[in-house]
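So you can see what is in the structure, the chains are spelled out below.
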Amino acid sequence: MKGIRTAPYFFIAPTMLLILVFSILPIGVALVISFTNTDMAGLGDMSEIRFVGFSNYLEVLRDPTFLKSILNTLFYVVIGVPAVIMFSLAVAVLINFGKSKIFHIFRLVYYIPSVTNIVAIAVIWGYLYNPSVGLFNFLLGKLHLGPVPWLQDPVIAKLSLIMLAVWRNIGLNMIIFIAAIRSIPRDYYEAAELDGASSWRQLISITVPMLSYAIFFVSITTMIGWLQFFEEPFIMTKGGPLDSTTSVSLFIYRNGFQLSNFGYAAAGSFILFFAIMAVTIFQFKLQRKDMSI
């Protein structure tokens, strides 16, 4: 009996070991580094490392660039997260209830961007956003509209990155919503049709309420992803113009891997970590409150 009780632990031991070595241990090391003045010199000579307490955290919170990156990240989250959820749900509904086989092709078309290399995507969208020979400004010119500085204006640049990220992230969430929609019993829709409910009424009264758990899951994962918004501004704008597209993750990368201020960057990363934890816990509590009503 004792061997039977311990058998499950042998199966989960490799996974737990990987989590310990590649997740928990690095997080612990980064936490220690955030309380020191670790830089490139410190890595070469450990005697150069000094314990500085919460100085890194206080300096990061007073850094104008970091504060600006927080506002930029909030801008991305407030606009990007609802846009991804709404477009993903809309595409999932249209594809799921579409009668033609062409909708199967659409499902593949929408999913491909989510598994395509971001560098390849950035190159293509860089040509689309080009102010002089880009496709978008070419089409606007055909409509007798002036060229738009897609990546040159501080506000438009943020919106341009959001548009790219929304297009790229629709596919994965679409698959989740399609799977959730197909798990809804068909009896509900048949009863609604007998009562004379329109397709719109069925969507509002049956589909959306029955997708509450899927919407909650997508909201959590999408929120976490956008709080760590990094690849698009890093590749497309390098945080410019004038740090208008610098996200918190890009700020951390810049200080840690470009300026070699590892302690400073680690402090910024843990501020982001605690912010993500707080937002996630708040969403879970809000979901439990809604379910208890």
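Look a little higher up for the structure.
Here's what I pulled together on the structure shown here. Please read these numbers as outputs of a predicted model, since none were measured by experiment.

Definitions and limits used
Residues numbered from 1 in each chain as written. Predicted model: local features only at pLDDT ≥ 70, side-chain atom pairs only at ≥ 80, totals over all residues. Heavy atoms only, no water. Helix = DSSP H or I, 4+ residues; strand = E, 2+ residues; numbered from the N terminus. Buried < 20%, exposed > 50% of the residue type's maximum accessible area, 1.4 Å probe, protein only. Core = buried A, V, L, I, M, F, W, Y, C linked by side-chain atoms within 4.5 Å. Contact = heavy atoms within 4.5 Å. Salt bridge = Lys/Arg side-chain N within 4 Å of Asp/Glu carboxyl O. Polar contact = N/O pair within 3.5 Å; in protein donor to acceptor, adjacent residues only side chain to side chain. Axes fitted to C-alpha atoms, helices over the stretch in contact; angles between N-to-C directions. Parallel < 35°, antiparallel > 145°, perpendicular 65-115°, else oblique. Left-handed = near helix turned anticlockwise from the far one by under 90°. Nonpolar A, V, L, I, M, F, W, Y, C, P; charged D, E, K, R; others polar. 1 Å grid on protein atoms, 1.4 Å probe; cavity = no way out; pocket = protein on both sides within 12 Å on 5 of 7 lines; lining within 4 Å. Points joined across faces, edges and corners; volume = space filled by probe spheres on them.

Check the secondary structure of the chain and you find 14 helices and 0 strands. In the chain, the order of α-helices and β-strands from amino to carboxyl end is α-α-α-α-α-α-α-α-α-α-α-α-α-α. Principal-axis analysis of the C-alpha atoms places the extent of the chain at approximately 80 × 80 × 35 Å. Burial statistics for the chain: of 293 residues in total, 37% are counted as buried.

This brings us to the nonpolar core. Residues Trp 125, Tyr 129, Val 166, Phe 177, Trp 226 and Met 236 are the most contacted members of the largest nonpolar core, which totals 58 residues. It is helix H4 (residues 64-97) that provides the largest number of residues to this core, a total of 12 residues. With sequence-adjacent residues up to four places away left out, Trp 125 is seen in contact with Phe 136, Met 163, Leu 164, Trp 167 and Met 236.

Moving on: the pattern of salt bridges. A full pass over the atoms with the stated rule returns 4 salt bridges. For the salt bridge of Arg 168 with Glu 232, the shortest nitrogen-to-oxygen distance reads 3.0 Å. Within this pair, whereas Arg 168 is found in helix H8 (residues 154-182), its partner Glu 232 is found in helix H12 (residues 231-236), the two being separated by 64 residues in sequence. Put simply, Asp 243 and Arg 254 hold a salt bridge, and the shortest N to O gap is 3.2 Å.

With respect to the helices, strands and loops of the structure, Thr 207 is situated in helix H10 (residues 199-210). Classification of Thr 207 as buried rests on a relative accessible area of 1%. Within polar-contact distance, the side chain of Thr 207 engages the side chain of Tyr 189 at 2.7 Å. Look past the residues within four positions of Thr 207 in its chain and what remains in contact with it is Phe 97, Ile 181, Ile 184, Tyr 189 and Gln 202.

At a minimum axis separation of 12 Å, helix H6 (residues 118-129) and H8 run at an interaxial angle of 135°. It follows from the interaxial angle that H6 and H8 lie oblique. Considering only the axes of H6 and H8, their crossing is right-handed. Here H6 contributes Ile 118, Ile 121, Trp 125 and Tyr 129 to the contact with H8, which in turn contributes Ser 160, Met 163, Leu 164, Trp 167 and Arg 168. By residue class, the composition of the contact of H6 with H8 is 7 nonpolar, 1 polar and 1 charged.

On to the layout of surface pockets, then. By volume, the largest pocket is sized at about 510 Å³. Forming the boundary of the largest pocket are 18 residues, of which Ala 30, Ile 252, Ala 265, Ala 266 and Ser 269 lie nearest the centre. Going through the elements one at a time, helix H1 (2-33), helix H13 (248-258) and helix H14 (262-292) are the ones with two or more residues in the lining of the largest pocket. The element contributing the most residues to the lining of the largest pocket is H14, with 8 residues. If you add up the space inside the second largest pocket, you get close to 370 Å³. Residue lining of the second largest pocket: 16 residues in total, with Arg 168, Asn 169, Gly 225, Trp 226 and Glu 231 positioned closest to the centre. For the lining of the second largest pocket, the secondary-structure elements that each account for two or more residues are H8, helix H11 (212-227) and H12. A per-element tally of the lining of the second largest pocket places H8 first, with 6 residues. In terms of residue class, the lining of the second largest pocket is made up of 6 nonpolar, 7 polar and 3 charged.

Here we take up the environment of Gly 80. Among the secondary structure elements, Gly 80 is positioned in helix H4. Here the alpha-carbon distance between Gly 80 and Ala 197, two residues 117 residues apart in the chain, equals 33 Å.

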